[in-house]
Structure formats: structure tokens, C-alpha cells
Amino acid sequence: MTKVDFKLIDSILEKYGCDKSKIIPIMQEIQAEYKFLPEAALMYVADKIGETYAELYGVATFYKDFSLNEKGKYVIKVCNGTACHVRKSDDVQEALYEITGMKPGDYISADGLFTIERVACLGACGLAPVCTVNGVVHPQMTPDKMRALIMDLREAERS
Amino acid sequence: MKRMIIDGISCEFENARNVLEVAKQNHIDIPSLCYCESLSVYGGCRLCVVENERGAVEAACTMVPKDGMVIRTNTAKLRKHRQMILELLLVSHRSECTTCDKSGKCKLQEYAKRYGVKDVRFPINYCKEPIDNSSDCIVRDPSKCILCGKCVRMCAEIQNVRAIDIANRGSSSIVSCGFGRKLADSDCVGCGQCAAVCPTGALMIKNEVSEMWKAIYNSSKSVAVQVAPAVRVGIAEEFGLPADVPVMGKIVTALRMLGVDYIFDTSLTADLTIMEESAEFMEKLKNGDKLPMFTSCCPAWIKRVENKYPHLMPQVSTCGSPMEMFGALIRQQYADEDVFSVAVMPCTAKKAEAKRPELIKDDERLVDLVLTTQELARMIDEAGIDFAHLPDSEPDSPFNTYTGAGVIFGVTGGVTEAVIRHVLGATTDESICKIAECGVRGLEGIKAFEITAGDVQLKIAVANGLANADKLIEKIESGEEFFHFVEIMACPNGCIGGGGQPSACQVRKAERYEGIFVADSECSLRSSEQNPALDGVYKLLRNRAHDLLHVHYPDHKAE
Amino acid sequence: MKIQSRQMLEDFRAESLKKLNCQSKQILVCGGSGCVAGGSLKIYDKFRELMERKGIKVDVILQDHVDHGDAVGLKKSGCHGFCEIGPLVRIEPAGLLYIKCKVEDCEEIIEESILGDNVIDRLVYHDNGRSYSRQEDIPFYKQQTRVALTNCGRIDAESIEEYIAVGGYSALSKALFDMSPDDIINEVTESGLRGRGGAGFPTGKKWAQVAAHKDAPVKYIVCNGDEGDPGAFMDCSVMEGNPHKMIEGIIIAAIACGSTEGYIYVRAEYPLAVLRLQKAIEDAEAYGILGDDILGSGKSFNLQICKGAGAFVCGEGTAMQESIEGKRGMPRTKPPRSVDKGLFDAPTSLNNVETFANVPDIINKGAKWYSSIGTEGNSGTKVFSLAGNIKNTGLIEVPMGTTLREIVFNIGGGVKSGNFKAVQIGGPAGCCLTEDHLDLPLDFDSTKKIGAIIGSGGLVVMGDDTCMVEIARFFMSFSTNESCGKCTTCREGIPKIQEILERITHGTGELEDIDMLQELSAVVKTCSLCGLGKNATNPVVSTLKYFKDEYIAHVKDKKCPAGVCRSLCTMWIDPIKCIGCTKCARNCPVGAITGQLRKPHTIDVEKCIKCRECKVGCPKHAIKEV
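Being a predicted model, the structure only gives us computed values, none of them experimental.

Chemist: Sorry, what's going on with the interface of chain A and chain C here?
Modeler: In many analyses, interface size is given as the accessible surface area lost on bringing the parts together. Contacts between chain A and chain C engage 36 residues on the former and 60 residues on the latter. For the pair chain A and chain C, the two sides together bury roughly 3300 Å², of which 54% comes from carbon and sulfur. When the buried surface of chain A facing chain C is broken down by residue, Phe62, Tyr63 and Thr82 of chain A rank first, second and third, together holding 19% of it. Scanning the region where chain A abuts chain C turns up 3 salt bridges. Looking at the side of chain A that touches chain C, the elements with two or more residues in it are α2 (23–34), α4 (53–62), α5 (82–86), α6 (89–100) and α7 (143–158) of chain A. Split into classes, the residues belonging to the side of chain A that touches chain C amount to 15 nonpolar, 10 polar and 11 charged.

Chemist: How do you make sense of the interface of chain B and chain A when you look at a structure like this?
Modeler: At the junction of the two partners, chain B supplies 15 residues and chain A supplies 17 residues. Note on chain B versus chain A: buried area summed over both sides is about 1300 Å², and carbon and sulfur give 59% of it. Among the salt bridges present, the one from Glu55 of chain A reaches Arg162 of chain B, with a minimum N-O distance of 2.6 Å. On the surface where chain B and chain A come into contact, there are 5 residue pairs in polar contact (both at pLDDT 80 or more). Broken down by element, the residue count for the side of chain B that touches chain A peaks at 3 residues, all from strand β7 (residues 165–167) of chain B.

Chemist: Where do I start with the pattern of salt bridges in this structure?
Modeler: When the charged atoms of two side chains lie near each other, side chains of opposite charge can form a pair. Inspection of every chain in the model, using the stated rule, returns 86 salt bridges over all chains. Between Asp90 of chain A and Arg118 of chain A there is a salt bridge whose closest N-O contact spans 3.0 Å. Residue Asp90 of chain A is located in helix α6, and its partner Arg118 of chain A is located in strand β2 (residues 114–119); the two are separated by 28 residues in the primary sequence. Asp90 of chain A sits in the partly exposed class, given a relative accessible area of 25%. Accessibility expressed as a relative area gives 43% for Arg118 of chain A, which makes it partly exposed. Several salt bridges converge on common partners, so that one network encompasses Glu417, Arg421, Asp429, Arg441, Asp520 and Arg526 of chain B.

Chemist: Which parts of the structure should I look at to understand the domain arrangement of chain A?
Modeler: Taken as a whole, chain A is organised into domain 1 (6–62) and domain 2 (74–158). The centre of domain 1 of chain A, based on its C-alpha atoms, is set 29 Å off from the matching centre of domain 2 of chain A.

Chemist: Would you mind going over helix α13 (residues 373–382) of chain B with me for this structure?
Modeler: Given 3.6 residues to a turn, an α-helix orients residues that are three or four positions apart in the same direction. Within α13 of chain B, the full set of buried residues consists of Thr373, Glu375, Leu376, Ala377, Met379 and Ile380 of chain B. Immediately beyond the C-terminal end of α13 of chain B, within one or two residues, lies Gly384 of chain B, with a positive phi of roughly 70 degrees.

Chemist: Could you clarify how one ought to interpret helix α11 (residues 243–257) of chain C in this entry?
Modeler: All names here are of chain C. Its 15 residues give α11 an end-to-end C-alpha distance of 21 Å, which sits within 8% of 21 Å, the value for a rise of 1.5 Å per residue. Along α11, 15 of the 15 residues are buried, which leaves the element largely enclosed by surrounding structure. Looking one or two residues past α11, Gly258 carries a phi angle of roughly 75 degrees, positive in sign.

Chemist: In this structure, what is going on with unusual backbone geometry? I would like to understand it.
Modeler: Residues other than glycine predominantly adopt negative phi, and peptide bonds predominantly adopt the trans conformation. Following Leu291 of chain B, the chain continues to Pro292 of chain B via a peptide bond in cis, the omega torsion being 10 degrees. Topologically, Pro292 of chain B is positioned in the loop between α9 (267–287) and β12 (293–294). The linkage connecting Ser397 of chain B with the following residue, Pro398 of chain B, adopts the cis geometry, with an omega of 10 degrees. Within the element layout of this structure, Pro398 of chain B appears in the loop between α13 and α14 (404–407). Residue Lys88 of chain A is not a glycine yet carries a positive backbone phi of 70 degrees.

Chemist: Is there a simple way to explain the sheet that holds strand β18 (residues 456–464) of chain B in this structure?
Modeler: Whether parallel or antiparallel, the strands of a sheet pair through hydrogen bonds between backbone atoms. Residue and element names in this part refer to chain B. Spatially, 4 strands are ordered β12-β19-β18-β17 in an open sheet, and the strand pairing comes out mixed. Lying at the two open borders of the sheet, with one neighbouring strand each, are β12 and β17 (446–453). Sheet topology places β17 next to β18; 8 bridges connect them, and they run antiparallel. For Phe449, the partnering residue across the bridge sits in β18 and is Ile460. Where helix α17 (residues 466–477) meets the sheet, it contacts β12, β17, β18 and β19 (485–489), and its direction lies at approximately 145 degrees from that of β18.

Chemist: What should I look at first to understand the confidence of the model for chain A in this one?
Modeler: Regions with low pLDDT should not have their predicted coordinates read in detail. For chain A, per-residue confidence averages 90 on the pLDDT scale, and residues scoring 70 or more make up 99% of the total. Taken element by element, chain A is modelled with least confidence in α5 of chain A, mean pLDDT 81, and with most confidence in α4 of chain A, mean pLDDT 97.

Chemist: Help me understand the nonpolar core, please; the structure alone is not making it clear to me.
Modeler: In globular proteins that are soluble, nonpolar side chains generally tend to be buried together. Ranked by internal contacts, the top residues of the largest apolar core, which has 224 residues, are Tyr63 of chain A, Met212 and Ile251 of chain B together with Tyr551 of chain C. Counting residues per element, this core draws most heavily on helix α2 (residues 76–91) of chain B, which supplies 8 residues. Setting aside chain neighbours within four positions, we find Tyr63 of chain A in contact with Ile24 of chain A, Arg169 of chain B together with Tyr265, Ala309, Gly310, Ala311, Cys314, Ser323, Lys327, Arg328 and Gly329 of chain C. Grouped together as the second largest cluster of nonpolar side chains are 85 residues, Val274, Leu295, Val339 and Val359 of chain C included.

Chemist: Whenever I open this one, the packing of aromatic side chains confuses me. Can you help?
Modeler: Aromatic ring pairs: the centre-centre distance and the angle between the two ring planes describe each pair. Residues and elements named next belong to chain B. Considering all chains together, one arrives at 29 aromatic pairs over all chains under this definition. Arranged with centres 5.5 Å apart and planes meeting at 15 degrees, the rings of Trp213 and Tyr217 form a pair that is stacked. Of this pair, Trp213 and Tyr217 both sit in helix α6 (residues 209–217), 4 residues apart, which is roughly one turn of that helix. Given a relative accessible area of 14%, Trp213 falls into the buried group. On the basis of relative accessibility, which here comes to 62%, the residue Tyr217 falls in the exposed class.

Chemist: Just checking my understanding: could you explain the sheet that holds strand β15 (residues 394–399) of chain C for this structure?
Modeler: Residues and elements named next belong to chain C. Taken together, the 5 strands give an open sheet; going across it, the order is β15-β14-β18-β16-β17, and neighbouring strands pair in mixed fashion. Edge positions in the open sheet fall to β15 and β17 (431–434), since each of these has one partner strand only. Across this sheet, the average inter-strand angle for adjacent strands is 30 degrees, counted without regard to direction. Relative to strand β18 (residues 458–463), strand β14 (residues 381–388) is paired through 4 bridges, and the arrangement is parallel.

Chemist: Explanation requested: the side chain of Arg304 of chain B in the structure shown.
Modeler: With respect to the secondary-structure elements, Arg304 of chain B resides in helix α10 (residues 299–308). When neighbours within four sequence positions are excluded, Arg304 of chain B is seen to be in contact with Gln159, Asn160, Val161, Val189, Tyr309, Leu466 and Asp470 of chain B.

What counts, and at which threshold
- Residues numbered from 1 in each chain as written.
- Chains lettered and ligands numbered in written order.
- Predicted model: local features only at pLDDT ≥ 70, side-chain atom pairs only at ≥ 80, totals over all residues.
- Heavy atoms only, no water.
- Contact = heavy atoms within 4.5 Å.
- Buried area = accessible area lost by both parts, 1.4 Å probe.
- Salt bridge = Lys/Arg side-chain N within 4 Å of Asp/Glu carboxyl O.
- Helix = DSSP H or I, 4+ residues; strand = E, 2+ residues; numbered from the N terminus.
- Nonpolar A, V, L, I, M, F, W, Y, C, P; charged D, E, K, R; others polar.
- Polar contact = N/O pair within 3.5 Å; in protein donor to acceptor, adjacent residues only side chain to side chain.
- Buried < 20%, exposed > 50% of the residue type's maximum accessible area, 1.4 Å probe, protein only.
- Domains from an automatic or database assignment.
- Expected span 1.5 Å × (residues − 1).
- Pairing = 2+ DSSP bridges.
- Axes fitted to C-alpha atoms, helices over the stretch in contact; angles between N-to-C directions.
- pLDDT = per-residue confidence, 0-100.
- Core = buried A, V, L, I, M, F, W, Y, C linked by side-chain atoms within 4.5 Å.
- Phe/Tyr/Trp six-rings, centres within 6.5 Å; stacked < 30°, edge-to-face > 60°.

Next comes the structure, spelled out in C-alpha cells:
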């Protein structure tokens, strides 16, 4: 279980003046801190800004960027925009699932290292197909390059 | 007057909200699952599409009526689209019409029939979330939800409780209390207004009819039933009778036919409430206690105070609700008998109230079972009783007298008017007519007015709907307004619009409102203190009157 | 320093220009998302390191400029547009463009082109045996007309001084001091500028509707930078490459409408754009161009960024407003219109990034000039992003009414592999255009006539290796994922369409499925609540219209003509290409491939599980899917 630092949440809330309309940036900052939205943090925020749990949960689950589940150390986003799709991003995605031993719907790999997200266009269509690892773009991916990338990350973890 | 042509018929309108309303006023029923006159326009179900002269299709709920407009509501194109929309809804709806409690009142079922949807050509795929049975008042079945969003808007816009909202998105959308919690763990006050607007069986009143049958069929138990004032103007609609003709006499007959042993009218303890509450109020006024004093008869309001305004609890009257008081009377009167005490209420929140620990006295619940108006109607149906043609009968003695003041508890402002009648000693038609003009009557959400009682000028406010209550309290707490006495009823229009009543449009509710005052005017006695039974009641309760008639709710949320 | 008058702005401009001109040469490293992903920031760092080592005076930021004599400017520019050949480095004033640069090339570039005046031929663009050293000569650029993208790639994207030096904020000062709000609106109206976000609503008219609310205590300007269409990155490039131009347009809109508050809603997937915009806003505030008393005019305007959180539907105006208000981004019903009751229930003008980027030039050069570009009723230029199976992937700006042929073949250089088949225009709500439409002038009205939309300007080119049924399925799966779930038809209808398309691409579709697709598409189109829902089935409708034979091939013959749908393909070894190396036989996990060494191999289709391991490993590309 992730421990939530309520002082930190307080400082985020203070920055936005406990303003209900700023709930999305507030959650973005919390997520930047924990990589996901811990339930305890959200409930705390709801109480502080006067939203009900139902409403806050409704907002948090509407936007794909928010995750209520813990994420892996490496968040790999595979772009599936039209340009990437036309240049066979599905194959890259498949290779990624295969090498991480994950399947669609999994939040995190068994070793806790990886989270796979399929995103709808990273805006780097010229380099299609692309993926990002913790925000760093890897251009012109192929299944082989994907496998190599994961091996490298695993290797880096071991040493 | 503006005019538009709908299906070739000239329809007049003035300030209509949308084309859907214009059609309705002109007796053309455009189908809709997500529109509700008292809620914001959602535009979600898309069934209300209509076609203009140029063949353009638009939803009637968002279409502004304009002078000279020409539309059709039933073209071949529209019929085809509606069939497909219904088919799509049926794919994600768990249909079990033969056994569903909502059957016969389900809008989806009605429309499927109306548009001849016989075949669903896609694999059925409804929401697999389990049924939420946690609440004492409401049952939520996500597998039947069609995401019309009415419940969410009701809970937010009219009640400002916001206990439910839509979570996730797209086809994974679901109505949820958030974080996988259940209704019982949420801020839900149990008012049942969500269920009242739900077009399908996704939100239903907790059905406890079988409990009632069990008690009736149990020969070692006597069954005592009290019937709340608002029931007499709600139940009639279920049997095709007008709402403005009270049917208390038929209800009593029907209950007798069902096998109930003792039948009472809760209006009596409404009178009792007035005596106790007026005394409490005068006492507070005299002692200079913190005012306003808030009324306490609405259990959803009490729950709201506990959840949101625990600091106001000391200002809430300690009087038990009329239901609770009658429960206490029954227990005292039939102390030697094994009595199953039942209350028929317009209210779903009463189901939870009856189970509260504060309503257990002498190790026994004061009320064993609460049935809503809808459940009573169901029982009458189940017993094959032709309600409309029943003769009238009288409730049982010794609690068979009540005044008009007790009856008007069923409407917003009713408790207040009864208090005023009592405080001013108004017993004549003339004096009551005068009170009726002081500002206490009417279906507005918030009413504020002043009356003169002796040498005191009393400021009074009446609110119905919890969102209105919130607005009023905000004004009070900010110091913008001061009141001596505040009546709050959680349901729009008061108990006549309760979550346990048959669901109704605003026109119907206005009829019910009229009906209550018809019943009031038919009473020979109009002010609570005139009720001749009260002496006997106080004698019966002896020195336990205060203990049995008052409730002390904890004033802070259990941490 | 706050600029408090028009004169001060001009003085500052003159000073900035002087400083800029002091730089004897400039190295502009492309800092657009595409080139950054290709490693351009490392190149930038390397240049800096090398220049310091070699004792070349470096001017990184104009602001810190002290007169070094002949210093060399080093800066991160905005997107040049030609993403295919990135990372790009431009050398000024010669106008050289070096392509596909690597860190190792930096030293040579400095030696040859900065210290010397030589061109490194291996780093310049080559096409058809010709080399193009100057960027402007490259066919990709030569045939473009740049308005919204002017200076994008020419100036330091992070420097307000450079923007001002090249004439920035002069339109704002003209609007503030020479024009009344009505004048601004009239100018924009006369220019014929229409919303670049897709709907093509006249911008001047929208502003006039907001301005008409004279007594509203607050009005909002919202800039829609939630460019969600997959395959489109125009707005991203404008926000990253020339943020001040767009901000200038926003402030002019605010003055015209009488608004004091504004938001730029940016997709969360564009972190670089957010950073650049943030800096641009801070700089503009510091110079008195945003905030109170803009340029001493007494007018105020505050602008803030609102970062999206991953919902395509928020690109829809009313959904975006819900999102800015901190709610679930579900479209509202209309009426009321946003211009009357939009964000926080106040009158709101919502315009697209590119629309705003066009405004400064309209104010400066006049409506007549602007309407002289483009076609009747469709003034100006349009930025398109060219992606997919095309040689020159990138960002282009052409006059409205340019034909698809010019764009795809002349500027885009044609398809990269195979033959041209179709162009998907307008994103998930758009249509597929075919060879028959190549000579169609692209503008709002002509595309509408054939039932298509320009949309925000994403053009994804597809060759004959693309299966149109699969593309329709792809878009439906996109729309299923992105549907907000508010209205029945979009929420329930689109997934059903997707399911049917899944079936067809898996070879289990039937002929009746095609009728059902048409029936469902019609309901979703006519009955859905918002524009996104209404148009979501366009890819299905248009592929059914132009490529029905492909659908029939899938359901009737159980074949995928493009060889994409795996369940419908069989692996086949071309005996002419196969050299019999046995690699495929060894790679095959089920032992379906047999053959003798140095003899063509064969695949037992009964055993084959279509894992493609053989194909991936074949050194001679002899294995095909048919």
C-alpha cells in the first residue's frame, strides 16, 4: 500500500485554493507524485473541497490519464494513432505484451516493473510507430526494438 | 400565443421549455427516458427525436419551440431509429420482465412494446456489477440501468446530496457511489427520489411486502397499521382515481380486507407532534435558546443533518416523527398483545428511520415494518381488491380522531401551518383562511414569511427538497437571514411527493396538494389542540410522555 | 520590464532586432516533438559544448545578449514541419537545412558551416539525384504558403524577444490603439476566416455574438488545443513552435469580445507544448502583454493553461468547458450556445489554435490580403499534417482549395511503399477519400459536398497494404474507447459497429452484417447528441461507399485483399525469392515449414498458426501473407 503524505496533499490543495473547478490539476499533481491516485488521497481531497466521493470518483474515472491502480516503475505508452496504426503499431504492442508476460487489462507486470498503456496519438506521427517510456519517446519502433528495449530495462534493474 | 404544428395539429404555446413540453401540453406523447420536467435537460436517451419539414432530425428535449415551426413525431425514419435505440438499450439491460418488480411501470418495457421491438439482434451484454442491497430504503441493480442519468441529476440538482454519480465512460459507464462503496456507506439519505424517477428497475424501493404478508398470515400476531396523511392522496392514482379526492376510507377498508387487525390514521400523532413541538418551540423562544428551531419529522432531513450539519442537531426539535409517536402509542395500548406494528408511509427514508437505535424503546422497535404507498398498492393488487369501488370505513378506536392540522402534515408547509394554527388558536374556517394567506401555502421550494403571535413577530421559513434546504441554511449560517422556526421536508413538495409515492409529474403533485387541503377542510376540527383523543393519549403515556415522544439523535457523526 | 506604451514596444522591437542582427550566424535546432524524440536536444547540448570548447561566443538567449561582436546564436526552434527527415538543423543566414543530424555530425557542422561557409552535402536533402542545401528550395517547402506557421522553425520558440524582433505583437498594438473592438471583428469577418477546428464557423461572427453580451460581468476566450485526432499534430506544432503568435491572436480576440479571462486547453499528451506555452505566458506577463493594463492600454486579460487528462471528447467545445470547470467532460445540450452561456455560464468564444494563429496577420495585413488567399468563401491557408504511408511525413500549410493530388504527390512526395489507395481526412470523424478525389480542391465547402470534412487537418495516407475494413474497425475501436457515454446511440451503437467489424476482419462476418452496419451508422449519425458522435461513423460509411468490394471480399470470399487481416491470410513462401536458408523452418514454433537446404521451402497452411515468426526472420523477405 502506498502511504499518502497528507501534508503534501494539503500543500497541493492550498496552491489551488481548494477550488472545486481545479480538481483536474489537483489530481494531476497527486498523480505526478504517486504515479497513480491513491484512494485515501482522493477521499481526503473530496472532504476538503466539498465534493462527494461519487463525484470525485466520477471525474477520476472519466479521464484516461488518471489511474486508481498502482503503476509499474516503467510506464510504457504505445501510440496507436492512425499514423502509428498504419505503420503497424499493433505488432509492437503485441511484442510488448509477449515479452512482459502481460495481457490487455493488466495494470502492472508481475515483477512490478511495467505498466502498458495504449494511447491515441502522441503527436509524433512523423516517427511512427512510437512509444514512450516514462515520457521519453522511442521512435520508429519494431517488435524487435521493443523486445530489446524491455531487455535493456530489465538489465538496468538487475545492475 | 405562439403556434406550431405537430403531426398536423396546431399547438399553441407560451414560454414552453422545449418541443417535448409543447407536445405534452397538446396530448402528444413523445417518448423519452431521460427527460424530467423538474431536472436539467440531459439529451442522453435520444428517443425523443422529431423530424422537421426538411427531414432534419433533432431531439425534442433540446429543441426550442418557435412560432410557425412544423414537426412530425412519428415518421417512418423516426420509428426505425427509435426501434434501433430501444434495441441497443435492451442489449445492455437485464430483461426479466415477468419477475421484475418494475414490470408494468417500466418505461423501457412500455416503449419496447409501443414501438414493436420484438427481436434483439445483438448479443446481450449487461453490466455485471452485483445488486446493491445495502440500503434500508433503496435497492440498486446496475444490470438494469440504462444510464439515463435521471437519478444522478435528481440526487444532485433537487437534493444536492450527490451520493451517486456516473463513473467510467463510454460503454463502461456505471452509476456509482464512488470507490466501490455501497449506498449504505454513502451520503445517501434514503429519500428515494432517485427511484421515483428511474425509468427501469435499476433503482427500486426496497420491497418488503412479503414481510407484511408473513405477519398477516401469522395467527399468533396481531397486525396494527398506521397510515400517513399523504398516502390518501397518493394511492388513488395507482387505481385510476383522481388525486384531489382523498381516499382514506377506502384505504381502511382495503387494509381490513387484507387481514389487518388494527388500523389507525397517523394524523392523530401529527396532532400530538404539534402539541409537543409547539411547546418545545415556545420554551426555546422563552429561554432565548439558539434559533431557528428545525422540524424533525422528516427522516431524510435528520439523516442530512447528521451527515452535513451535525452542529445544527441541537437546534432540531426533539419531537419524534408522527410515525414514531404512533408506534409508541401502539406499544403502550397493546402492551399485552404480540403486535406487529406497521406504518404505511409515502416515504422510503422511514424504512431506515424505523430501524434506528433511537426508535428502540423498552428493547423493542416502535415500528416493525414500514411499507410505502407503492407497496400497499401492490398488496391491494395482489389480493385482487377492486380498490376504486370499495366502500369507506373508519379507523379503529381509541385513536380514531384527528384534525385537519394533522392531515396537512403531508404537504410542504403543513407542519408549519399546523403550528401556526395551534399557536394562534385558529379553529374557525375564517381564521384558517387568513393563515393560508400568510405565505405558508404553495409549492415553492423556499417560502419565508412573518406572523404575529401576541406581541412577538415570528420569522418562519419552509423549504422542500434538500437543495433548497441547503440554500436556506447557507443564508441562515451566513447571517444573511434569521428565522425563529424552519420546516424542512426532503422531498419536493413535501410528503405528497415522497419517494414511496407512485411517481408522478408536477401536475399530479399539485392535485395531491389540493387533495390534502380538501381532506383538511372536510375535518370538523382544524387545530391540533381540538383533537379529543389527545387527553386519552397523554393519560395512556402517563409520566413516560417525554421519554416516548422525544428522540435525542447524536449530534455528531460517529467518528 | 513592463512595456507600457506602443512606443516602448517599438523601441524594444528595434533593440531586439539589433541584437538579433548582431548574431553573425545562427544554429536553429528543431525543438518540435518529433525531432526531440529523434534526439535533437542532445544535438543542441553538443553544439553548445563544442562551441564553448572552441571558444565561439554563444548567444543562447537574446535576453542575456551582450554585444559580443560576431557571436553565434544557438537556439531551439519550433517544428520545421518536415518531421520525416528529422532531427533538423537550420543554419542562418544561409538558410541551410541539415537533415537526420546526429550528435556526431555537430563538430563537422561547426567547422564547415559556422566557422567556414561550406555546405556539407551528405547532410542536405536529396531527391531524385538532386541535392537541396537551402530549405526553401526543397519541393516539400517550396509549394507551401505559410501564414499560421510563419516563423515556425525560423525563430527561437522560447524567446519572446525574438518574436517581437520579427514583428510580433504589432498586430496587438494596432488592435489596441488603432482599432475599436468592432473594427477588429469587422476585419476578421471580412477576411472570411473560418474556424480551423473542423466546423468552419465564421470566426468574426462568433466573436460578434460574444461581444454582443455587453453587460456580462465576465466573458471567456477559450483556445482549443486539445488536438485529439490521431494522426494530427498541427496545433501541437504551432503551440510548440510559435506560441506567442497564437497568444497574440487570443489577446486580440479578447479585446474584440471584451473578455478578460482566457484558457488554453492543451492535451496532456503534449508536455512540450505545455512547457513552451507556460513560458510564453509568463514572459508575456512579465513584459506587460498579458495581465493588467496591456501595453498601457488600460485593458486587461489573464490567460491560463488547462491541461487535459486524456479524453478525446474534450475537444468538443461544451465538453471542454465541463472539463475546465472540473467535471466529467461530457458534452452539454444546445441551446444555450456557448457564445451565450458557455464556460462557468458566461459568454464564451471557443476557437482553435490555428484560427488564433491566423489572426495577427489578418490584423496587420488586412482582410483583403487574407481573403486573396484560398478560394471563394474559404479564405486563407490550412495547415495539414501528412502522415501514414507517405514519403514526406510532416506539417504543411497550403492555401485553401489546394488539391489532394498536389498535397500528397507534389508536397508529400507520394506514397512510401506500394500504390496510393486512400487518404483518411479529418480524423476519427472524417472520411476516406480515394483516387477519384485527388483533384478535389480541399476546402470546407467542397469536402462537405462529398460528405467529408476537413476536420482539424489530419491527412493519413494509405497505400494498398492497408485494409479499409480494418481501418474502419480501427476508428470504431477508437471511438468506442473515447465515447463519453452520455447518449445511447454513441455509447451503445458504436461498440456494436465495432463488434461487427471485428467479426468481418476475423472472417466470421456475413452479408447481413453489412446491412446492419449501414442501419446502425444511420442511427448513430442522425440521433447522437454531439458532433463527435454524429460523425463517428463516417469512416464506416465512407469505406462502405468507396471500398464495398473489400467488405464483400472479407465476408464472402473470406479474403483480405490487402493482406492485413491475419485470420484471413495464409502465409506463403515465394519460391523465387526463397534461398532455402532454413531459418524460417527453425523459427516456426509448430513445425509447419519444411524444405531442403538451399531449396525453396513450403508452409503447411493447416499447421500454420500465423504467428509470422517466419516472415519476421526471413533475410530475403520471401514470405508473404496472401
